[in-house]
Structure formats: C-alpha cells, structure tokens
Number of protein chains: 2
Amino acid sequence: MLNFEFCSPTRFVFGKNTESQAGELIKNHGGTKVLIHYGGGSVVRSGLLDRVKASLTEQGIPYVELGGVQPNPRSGLVYQGIDLCRKEGVDFILAVGGGSVIDSAKAIAAGVVYDGDFWDYWAVKAVIPKALPIGTVLTIPAAGSEGSSNSVITHEETLIKRGTGGDAVRPKFSILNPELTFTLPQWQTASGVCDIIAHILERYFTNTTEVEVTDRLCEAILLTMIKEAPRVIENPENYEARANIMWAGMLAHNNVCGVGREQEWTTHAIEHELSALYDVTHGAGLAVLFPAWMKKALPHDPKRFAQLATRVFGIENKGDDMATGLAGIEAWADFFTSLGMPRTLRELGVQEKDFVYMANHLMLRPDGTCGKYIVLTPDDVVEIYKSCY
Amino acid sequence: MLNFEFCSPTRFVFGKNTESQAGELIKNHGGTKVLIHYGGGSVVRSGLLDRVKASLTEQGIPYVELGGVQPNPRSGLVYQGIDLCRKEGVDFILAVGGGSVIDSAKAIAAGVVYDGDFWDYWAVKAVIPKALPIGTVLTIPAAGSEGSSNSVITHEETLIKRGTGGDAVRPKFSILNPELTFTLPQWQTASGVCDIIAHILERYFTNTTEVEVTDRLCEAILLTMIKEAPRVIENPENYEARANIMWAGMLAHNNVCGVGREQEWTTHAIEHELSALYDVTHGAGLAVLFPAWMKKALPHDPKRFAQLATRVFGIENKGDDMATGLAGIEAWADFFTSLGMPRTLRELGVQEKDFVYMANHLMLRPDGTCGKYIVLTPDDVVEIYKSCY
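This structure is a prediction, so every number in the text was calculated from the model and none was measured.

## Remarks on the nonpolar core
- Grouped together as the largest cluster of nonpolar side chains are 256 residues, with contacts concentrated most on Ile93(A), Val96(A), Ile221(A), Ile93(B), Val96(B) and Ile221(B).
- Sequence-distant contacts of Ile221(A), that is, excluding residues within four places in its chain, are made with Ile200(A), Ala248(A), Leu251(A), Ala252(A) and Cys257(A).

## Looking at the interface of chain A and chain B
- Contacts between chain A and chain B engage 34 residues on the former and 34 residues on the latter.
- The set of elements that each furnish at least two residues to the side of chain A that touches chain B consists of strand E1 (4-14), helix H8 (212-234) and helix H9 (239-251) of chain A.
- Among the elements that take part in the side of chain A that touches chain B, E1(A) stands out by supplying 11 residues, more than any other.
- Here the residues of the side of chain A that touches chain B sort into 17 nonpolar, 7 polar and 10 charged.

## Describing the packing of helix H7 (residues 186-204) of chain B against helix H8 (residues 212-234) of chain B
All names here are of chain B.
- Close contact between H7 and H8 brings their axes to 10 Å; oriented N to C, the two are set at 170°. Considering the angle they form, H7 stands roughly antiparallel to H8. Here H7 contributes Gln-186, Thr-189, Ala-190, Val-193, Ile-196, Ile-197, Ile-200, Arg-203 and Tyr-204 to the contact with H8, which in turn contributes Cys-218, Ile-221, Leu-222, Met-225, Ala-229, Val-232 and Ile-233.
- Looking at side-chain class alone, the contact of H7 with H8 contains 13 nonpolar, 2 polar and 1 charged residues.

## Thoughts on the relation of the copies chain A and chain B
- You can overlay chain A on chain B at an RMSD of 0.0 Å; the transform is a turn of 180° with a shift of 0.0 Å along its axis. Both chain copies can therefore be described as sitting about a two-fold axis. Among all residues of chain A, the one whose C-alpha sits closest to the rotation axis is Pro9(A), at a distance of 1.9 Å.
- Comparing interface residues between copies, 100% of those in chain A also lie at the interface in chain B; the contact surface is shared.

## Details of the domain arrangement of chain A
Residue and element names in this part refer to chain A.
- When cut into domains, chain A gives domain 1 (11-180) and domain 2 (185-387).
- Taking only C-alpha atoms into account, the centre of domain 1 sits 27 Å from that of domain 2.
- Looking at the side of domain 1 that touches domain 2, its residues break down into 10 nonpolar, 5 polar and 3 charged.

## Some thoughts on the sheet that holds strand E2 (residues 34-38) of chain A
- Here 12 strands make up an open sheet; going across it, the order is E3(A)-E2(A)-E4(A)-E5(A)-E8(A)-E1(A)-E1(B)-E8(B)-E5(B)-E4(B)-E2(B)-E3(B) and the pairing mixed. Looking at the sheet topology across the chains shown, the edges are occupied by strand E3 (63-66) of chain A together with strand E3 (63-66) of chain B. Pairs of neighbouring strands in the sheet enclose a mean axial angle of 25°, with direction left out of account.
- Summarising the sheet, strand E5 (residues 134-138) of chain A and strand E8 (residues 173-176) of chain A pair through 4 bridges and their orientation is parallel. In the strand pairing of E8(A), Val137(A) is matched with Ile175(A).
- In this fold helix H5 (residues 99-112) of chain B packs onto strand E2 (34-38), strand E4 (92-97) and strand E5 (134-138) of chain B, with an angle of close to 165° to the strand it touches most, E4(B).

## Structural notes on the packing of helix H11 (residues 282-297) of chain A against helix H15 (residues 378-387) of chain A
Residue and element names in this part refer to chain A.
- Contact pair H11 / H15: the axes reach a minimum separation of 9 Å and the direction vectors enclose 125°. In terms of orientation, H11 lies oblique with respect to H15. Note that H11 runs across H15; the crossing there is right-handed. In contact with Leu-289, Ala-292, Trp-293, Lys-295 and Lys-296 of H11, H15 contributes Asp-380, Ile-384 and Ser-387.
- Considered class by class, the residues forming the contact of H11 with H15 number 4 nonpolar, 1 polar and 3 charged.

Here is what the cut-offs are and how they apply
Residues numbered from 1 in each chain as written. Chains lettered and ligands numbered in written order. Predicted model: local features only at pLDDT ≥ 70, side-chain atom pairs only at ≥ 80, totals over all residues. Core = buried A, V, L, I, M, F, W, Y, C linked by C-beta atoms within 7 Å. Buried ≥ 20, exposed ≤ 12 C-beta atoms within 10 Å, placed from the backbone. Contact = placed C-beta atoms within 7 Å. Helix = DSSP H or I, 4+ residues; strand = E, 2+ residues; numbered from the N terminus. Nonpolar A, V, L, I, M, F, W, Y, C, P; charged D, E, K, R; others polar. Axes fitted to C-alpha atoms, helices over the stretch in contact; angles between N-to-C directions. Parallel < 35°, antiparallel > 145°, perpendicular 65-115°, else oblique. Least-squares fit on C-alpha atoms with pLDDT ≥ 70 in both. Domains from an automatic or database assignment. Pairing = 2+ DSSP bridges. Left-handed = near helix turned anticlockwise from the far one by under 90°.

Spelled out as structure tokens, the structure:
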C-alpha cells in the first residue's frame with residue numbers, strides 16, 4: 001500500500017425533501033449573496049429551482065442566477081459567471097444540477113478570487129489554492145463532482161478538455177435527494193451509471209499490490225450498481241434503487257475507493273477526446289471504450305481481471321485467468337448494453353477518420369505515451385478506438 | 001433508506017514515517033501550545049514519543065505532557081488534563097496512542113472550554129458543542145476514534161461507562177503509520193480486530209431495508225479483516241496486512257458503513273458492563289458476546305444472517321436461512337477463537353453472580369428494555385450472558 005492522504009470534508013445531506021435545507025446550509029457556511037448556477041430547463045420545469053429559491057428567501061439570502069450550463073461544460077459560461085459574481089458581490093455559489101453544472105461552478109468559484117485567467121489552473125492542471133465556497137443540489141448521479149475536488153472544463157477555442165481541482169473547490173455541502181432523479185430519461189440514467197462504474201474501474205486497475213480493503217470497497221460499489229441499475233431502468237421512480245445509486249455515485253469519486261495506490265484514468269482521457277470533438281455523452285463514451293481498454297490491458301495482469309470477474313459477476317474461474325478475465329470484460333459490455341448503452345463508437349457518431357487526430361491530441365507524456373497500468377502509444381490508442389468502432 | 005447526513009472532515013495521513021509530520025500538521029491547524037496525551041510506557045520505549053516531540057520542536061511548538069491513560073479511560077485523568085491545559089494555556093491536544101488515549105483527549109478537549117463538569121455531556125449523552133482542536137497519532141487499530149466523533153469514558157466513582165461526542169471533537173488530523181502497530185502483542189492485535197468487526201456488525205443488523213450499498217461496504221470491511229487478521233497473527237511485521245487492518249479500522253467507525261439506516265449497538269452496551277466492572281479488554285468481551293447476541297437475534301431475521309454468512313464466509317445456502325445464518329454465527333465464533341480470543345465469559349474472569357446486576361445496570365429505556373433490531377429485557381440480557389458463560 002502506498003502512503004496517502006484522505007479527507008472528505010463535504011457535508012452530505014441525503015434524502016427526501018432535503019433541498020429545502022439549502023438556505024439554512026448556505027447561512028451556516030456564511031453565504032450572504034449567492035449565485036445560483038444551473039443548466040437547462042429541467043430544473044425550472046420540475047419546480048426545483050423555485051423550491052431552492054424559496055429556501056434562500058426564507059433565510060433572507062439574496063441571489064442572482066446563471067443558467068445555461070451544457071454537458072461537457074465550456075469556458076465561455078465560466079467567464080460570464082466570474083464577471084457576474086464580481087459585479088454582484090457574490091460570496092457563495094450554489095450549483096443546482098449534475099456534474100457539468102457543479103464543475104462549471106467550481107471553475108467560477110476559483111476564477112472569481114484569482115487575478116488572472118481561470119484557465120491558467122486547468123491548462124497546467126495546477127492545484128487551485130483558493131475559491132469561493134460552493135454548495136450543490138445534485139440532480140444527476142454520475143460525475144461524483146458533489147463530493148470530489150475535481151472539475152473538468154472544455155476550453156471553447158481549442159476544444160481541449162481538462163480536469164484540475166483542489167480542496168478549495170470541494171463543496172462545503174451537497175444535497176442529495178434521490179427523488180430529484182426520478183425524471184431523468186433512461187439515456188441519462190444509464191450514462192450516469194456507466195460513469196460511476198468507470199470511476200471505480202479507473203481505481204481498480206493498478207499495479208500497486210496488497211490493497212485488499214480498497215479492492216473490496218471498489219467491488220462493493222460495483223456490486224451495488226449491478227443490482228440497482230436494472231431496477232431504475234425498469235422503474236424510474238424506485239426510490240430505494242435511485243438512493244443506492246446516488247450514494248454509490250458519491251462514494252465512487254470522493255476517493256475512498258482509490259486510496260493507497262496508483263490510479264489509472266486512461267480510459268477517461270481517451271473518452272474526453274470523443275466528448276470534446278463530438279459532444280458525446282461522457283458515460284456513453286465510457287461504456288463503449290472501457291471494455292475495449294480492458295481487452296487491451298487483460299494480458300498485462302490476467303489475475304486481477306479474473307478477480308474482478310469472479311468477485312463481481314460470480315464467474316467461476318476454472319484455473320484460466322485469461323478466460324475468466326475475458327468473460328468478465330464481456331459481462332461488463334453486456335451489462336452496459338442491457339442498460340441501453342451503445343457498444344460501438346459508430347453508434348455514437350464518431351468517425352474513423354478522426355482516430356489518429358484524437359490519439360495524438362491526447363494529453364501525452366514527452367515520450368509520446370500515456371497510461372500507467374499499461375503504457376499506450378498513439379498507435380495503441382488508435383487500435384483501441386478501432387477495436388470498438 | 002433513511003434520510004441521513006454524512007461528513008468525514010478529518011485529514012488522514014497514512015503510511016510509513018508519517019508521525020514526522022505531526023508538528024507541521026499542528027502548525028497548519030493553528031496550534032501554538034500542545035498537550036501530548038498518551039498511555040503507558042510503550043510509546044516511550046519504542047521511541048515514538050521522542051520522534052513526535054522532535055517533530056513539534058522542529059516547528060518551534062512548545063508542549064506539555066500527560067501520560068497514564070488506562071484502557072477503558074477514566075474520568076480522573078480527564079480532570080487532571082483539563083486542569084493542566086488551563087494552567088499551561090494549551091490550545092491543541094495531540095493524542096499518541098490507541099482509542100483510550102484518543103477518547104480521553106476528546107474529553108479533555110471538550111472540558112477545557114466548558115465552564116461546568118465535562119461529565120455533564122457524557123451523563124446525558126449530549127452533543128458536545130465546542131472543544132479544543134485535536135490531532136492523533138494512532139498506535140492501535142481498534143476503536144476507530146481517530147476518525148469518529150465519539151468518546152467513551154468510565155466515570156470513576158459510579159463505574160458508569162458512557163459514550164457521547166459531536167463534530168467538535170472529531171480529530172482535525174489523524175496520523176496512521178502501520179509500522180507503529182508491529183510491536184502490538186497478539187492479544188491486543190486480536191482484540192482490536194474483534195472491535196473493528198463489531199463496529200461493522202453493530203451497523204449491519206438493522207430493520208431498515210434496501211440499503212444495499214451500505215451492506216456491501218460493511219461486507220467489504222469484514223472480508224478484508226477475515227483475510228488480513230490471520231496474516232498479522234502469523235507475522236506481526238507484515239506491513240501490508242497491518243496497513244489494510246489499520247485503514248479498515250478507521251472505515252469501520254467513521255460511519256461510511258452505517259449511513260441510511262438504524263444502527264444497533266446493543267452488544268457494545270452489554271459489553272461495556274463487563275469492561276466497567278472487570279476491566280475486560282473491550283474487543284475480547286465483544287468476541288465472546290457478539291456470537292451470543294447474534295444467536296438470540298437470528299430467529300428475528302434469518303434472511304439477513306444468511307446473507308452475511310453467504311457473502312462473507314461463502315457458506316452455501318441450501319434453502320434454509322436459519323441453518324445458513326447459524327453456520328455464519330459459528331464461523332464468527334471460530335474466527336475469533338482462531339485469533340486467540342476467548343469463547344466464554346468465564347475465561348475473561350466474569351462471574352455469574354454479577355449477571356443480574358449488569359443486566360439491570362445497562363442503560364435501559366424507561367420501560368426497562370434495550371435494543372432496536374430486537375428488543376431485550378434484562379432477563380434476555382442475563383440469558384445472553386449465560387449462553388456464553
């Protein structure tokens with residue numbers, strides 16, 4: 001086990017009707033003027049935004065609003081948010097939405113208190129030293145941004161999609177009400193499930209040995225997702241299944257499932273190229289790419305793949321780790337498909353002509369490679385794209 | 001799943017040589033005059049106390065010392081600590097030791113800033129509103145106090161053993177170096193393992209249904225303990241096994257494995273009576289009592305016991321939940337015995353003549369019962385004591 005630090009200071013307020021506590025929580029954290037940041041019309045149509053505003057008004061907290069965050073959030077709106085916060089004297093940012101909204105809020109929070117261009121931090125993945133305090137009301141379990149210190153933003157001119165973060169942008173509180181996810185369309189629900197699973201898999205495949213407790217925690221989240229995801233696809237208003245997924249989504253990314261070892265994150269990097277170029281839904285891209293990456297990685301460490309297959313899918317290992325591991329990878333692909341996710345890049349509208357560009361555009365090391373568990377050249381990345389085209 | 005709040009703000013600094021960071025961490029948290037609180041001679045003999053002091057001196061932080069914390073920590077030393085802190089102007093408490101030392105430090109921290117008797121909070125289990133900041137250097141994985149908001153103290157005159165807590169007494173940081181546990185005698189190692197397992201079992205047996213993610217996290221910790229504990233018994237200097245146990249011990253009690261449902265804690269209450277009257281090692285008392293309580297609870301919910309037996313011990317369920325559940329309980333008793341733990345109260349020196357006194361002395365409800373998963377009368381508690389005598 002490697003030396004590590006772990007801290008999860010966000011206060012999670014979980015359950016029915018918890019959005020009514022937003023105003024009180026902001027007050028407890030010293031907020032006196034709030035930016036409410038959100039995405040499209042669903043939070044308006046559902047009445048959620050009105051309920052949140054009412055909660056602030058009840059506490060006598062004034063606010064301004066900035067909607068319009070898109071999936072794969074863009075730098076343009078971040079700049080707008082920074083200007084608005086400065087003009088209005090905002091001292092607390094409340095993100096109402098999914099990971100894109102929260103990531104955008106984190107970027108605004110970092111930018112408001114920084115003299116230069118907020119993108120400076122994202123450009124070189126520098127740790128963000130300070131930021132306005134943030135709270136969240138989560139509507140999509142997927143990105144895990146509600147409990148993480150990370151934020152992924154796409155720069156509008158260069159289409160570079162980059163992540164950075166720091167304890168300064170961790171939400172002070174996050175409100176998680178599973179009922180708010182009842183109305184998510186199946187595509188978004190399933191994409192979120194795949195994103196959550198991918199957050200675990202990026203932490204599961206490691207060359208660091210002997211971290212049994214972290215392995216077991218990872219498997220606990222995966223077993224939960226395999227049980228609960230089909231139940232919400234069948235009945236979107238199943239509160240218990242929605243609740244399990246929502247909480248698992250946080251646990252998959254606050255790093256409790258990742259400590260003590262090297263983490264991978266290569267499939268995320270390979271997928272970010274798709275999302276940036278085609279605006280592919282992140283979780284759907286991962287559903288296609290993760291089995292492809294796993295097949296490439298299988299020969300490197302068949303024992304680990306066999307362990308995952310056995311412990312999570314109950315696949316019997318008849319003494320052949322390669323075969324067992326491969327059966328596990330196929331089980332993942334089948335599981336993603338069963339949720340309505342695509343199996344090929346073609347279904348996502350990705351074009352073969354862009355493979356070489358995307359592989360070279362990846363954030364590669366000076367020696368032109370990427371990856372830790374296995375090291376990939378651009379040719380390897382093209383091969384992975386092709387294998388699931 | 002029930003509504004809940006979760007927050008784990010302690011910064012855990014885990015790994016080799018991390019005790020050398022104590023001074024820097026205290027400085028980061030604003031400490032300018034420190035009470036170093038510890039137990040017996042082992043932290044002195046091992047040189048740990050000297051290394052910690054050197055780390056404080058390096059940062060120019062003055063300190064005073066108070067050793068002598070006993071297992072099942074007593075109120076007398078807490079009063080001494082409070083007086084010393086006030087006299088010396090201490091503004092940060094560093095606990096160097098196991099759960100008893102940390103619990104004692106929490107009580108001192110609460111008492112220093114309170115005008116009345118610190119026991120007021122413990123007497124009525126009131127939430128502690130404020131306290132001096134605390135840091136810990138953990139030497140025994142067991143109580144989980146390094147990441148929890150709880151503290152259990154025995155009142156010296158009445159021999160009442162009570163727990164209370166609050167976010168105010170959560171450690172600001174906890175240093176966990178598995179190497180510091182190499183020299184623990186087998187008895188203490190095994191008792192700690194049983195305590196950790198009991199912290200999970202108290203959270204596992206619940207009447208709240210449909211909290212799969214928490215079930216799976218609980219099982220993850222239990223599976224880890226079952227794998228790693230025999231390895232440290234065999235080789236006390238197995239770093240990896242020690243590391244897995246140390247981290248699992250924190251996770252078993254910062255409540256990540258308990259959210260969203262009613263928790264039990266009856267076996268702890270039944271055991272506290274033994275510890276208070278006989279100074280029994282807490283984990284050893286739990287090793288004897290938990291299988292006895294489980295046998296009493298089995299008929300209430302055979303399905304849940306069968307689930308635990310199957311998922312954790314891999315016991316095949318041939319369609320008989322009662323038989324499967326019972327086999328699981330026997331497997332726990334055998335596991336505890338395999339670590340060198342006793343199987344009977346007699347081995348712990350407990351006398352049958354005290355059963356009725358202890359059962360009545362339990363913190364019972366006005367109607368003379370205790371327990372949630374199953375409700376116990378004093379007669380039931382006596383029956384449990386007798387069943388493992």
